[in-house]
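# Structural description and commentary
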Amino acid sequence: ETDPGTPGYGADVFRRQGISRVFEDYRLPNGSRVRERRYGIGANVNRPLGPTWSGSVALNYQNISIRDRDGDVFATDFRGIPLTLSGTGVDDLTTLTFSAVRDQRDNPSNPSRGSYLSISSTQTIPIGRGSILGNTVEANYSQYIPVNIIKGLKGEQPQVLALNVQGGTVFGDLPPYNAYLLGGVNSVRGYDFGEVAVSRSYVLASAEYRFPIYRFIGGVAFLDVGSGLGTQS
């Protein structure tokens, strides 16, 4: 059995590449769609900060490059605008992240009551290409309230009113590929990724009514509101 009072440690090495969500509507000078290639390494330590809080510290390094369909590096888009802070098509991004979480949900995967709060600050360290120096501050709060709005519904999914508010902003250097995206399945639903805003700051609020339909099948009615706070140029 895991002792909740014992600190935890983790490390990871990764490499991934895909179409850039931030630059999805742009093309490179040769007409190719913009791809992001990222590889890096990271380590983290987490430990309890009291009866309801836990905290973590993570140090990560990423090498981020902008490439075409053939894997060739490109520094600018078709208009000549740089796609990385270094101006070369390749950035080095070293970050130190401090985060704190208070999780009071009854079930982390399918909560019916309780709350969740996370706060984080990520400092970029100006090492390597791009010499990126900035700080990202983010907060996320969710509240889950059991309700019985529609009588007689039966199923494994409970009736729950789920409320969420979150936001974030970047101070100092903002690598363009790390801009916030508003729109998409995990943001303002009903819009495509980044269709609402691609921005330096954001705020997002949502309200959901979750209800059972049949056995393990459930449904949801939702309202999402989001803004880039005027930080999208």
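Below is a short write-up of the structure. (Residues numbered from 1 in each chain as written. Predicted model: local features only at pLDDT ≥ 70, side-chain atom pairs only at ≥ 80, totals over all residues. Heavy atoms only, no water.)

### Quick look at the packing of aromatic side chains
Heads up, the rule is: The aromatic pairing rule takes the rings of Phe, Tyr and Trp, using the six-membered ring of Trp, and pairs them if the centres are within 6.5 Å, calling planes under 30 degrees apart stacked, those over 60 edge-to-face and the rest tilted. Helix numbers and strand numbers start at the N terminus; a helix is a DSSP run of H or I with at least 4 residues, a strand a run of E with at least 2. Three exposure classes are used, based on accessible area relative to the maximum for each residue type with a 1.4 Å probe and protein chains only: buried under 20%, partly exposed in between, and exposed over 50%. As a reminder, the over-ring test applies to NZ of lysine and CZ of arginine, requiring each to be within 6 Å of the ring centre and within 35 degrees of the ring normal.
Scanning the model with the defined rule gives three aromatic pairs in all. Between tyrosine 180 and tyrosine 202, the aromatic rings sit 4.7 Å apart at their centres with planes inclined by 45 degrees, giving tilted as the arrangement. Of this pair, tyrosine 180 sits in strand β8 (residues 180-182) while tyrosine 202 sits in strand β10 (residues 201-214), and the two are 22 residues apart along the sequence. The residues tyrosine 180 and tyrosine 202 share a single accessibility class, namely buried. Seen from the ring of phenylalanine 193, arginine 21 lies directly overhead, with NZ or CZ sitting 3.8 Å from the centre. Sitting above the plane of the phenylalanine 222 ring, arginine 189 keeps its charged end 3.9 Å from the centroid.

### Structural notes on the sheet that holds strand β7 (residues 160-172)
Two strands in a sheet stick together by hydrogen bonds in their backbones, pointing the same way (parallel) or opposite ways (antiparallel). Keep this limit in mind: Paired strands, in this sense, are two strands between which DSSP finds at least two bridges. Here an angle of 0 to 180 degrees is reported between the N-to-C directions of two axes, which are lines fitted to C-alpha atoms, with helices fitted over the stretch in contact.
Taken in spatial order, the nine strands make up an open sheet running β1-β2-β3-β4-β5-β6-β7-β10-β11, and their pairing is antiparallel. Each edge of the sheet is formed by a strand with only one pairing partner; in this case those strands are β1 (8-19) and β11 (217-227). The sheet shows a mean angle of 15 degrees between the axes of neighbouring strands, taken without regard to direction. Summarising the sheet, strand β2 (residues 35-48) and strand β3 (residues 53-67) pair through 14 bridges and their orientation is antiparallel. By the bridge assignment for β3, asparagine 46 is matched with serine 56.

### Things to note about the pattern of salt bridges
What counts is decided by this rule: The salt bridge definition used is simple: a Lys or Arg side-chain nitrogen within 4 Å of an Asp or Glu carboxyl oxygen.
As enumerated under the stated definition, the model contains nine salt bridges in all. A salt bridge links arginine 33 to glutamate 24, with the shortest nitrogen-to-oxygen separation between them at 3.7 Å. With a shortest N-O distance of 2.8 Å, aspartate 103 and arginine 105 are connected by a salt bridge. The exposure class of aspartate 103 is partly exposed, given its relative accessible area of 32%. Take arginine 105: its relative accessible area is 22%, and that puts it in the partly exposed class. Here the salt bridges do not stand alone but share partners, grouping Arg189, Glu208, Arg210 and Asp224 into one network.

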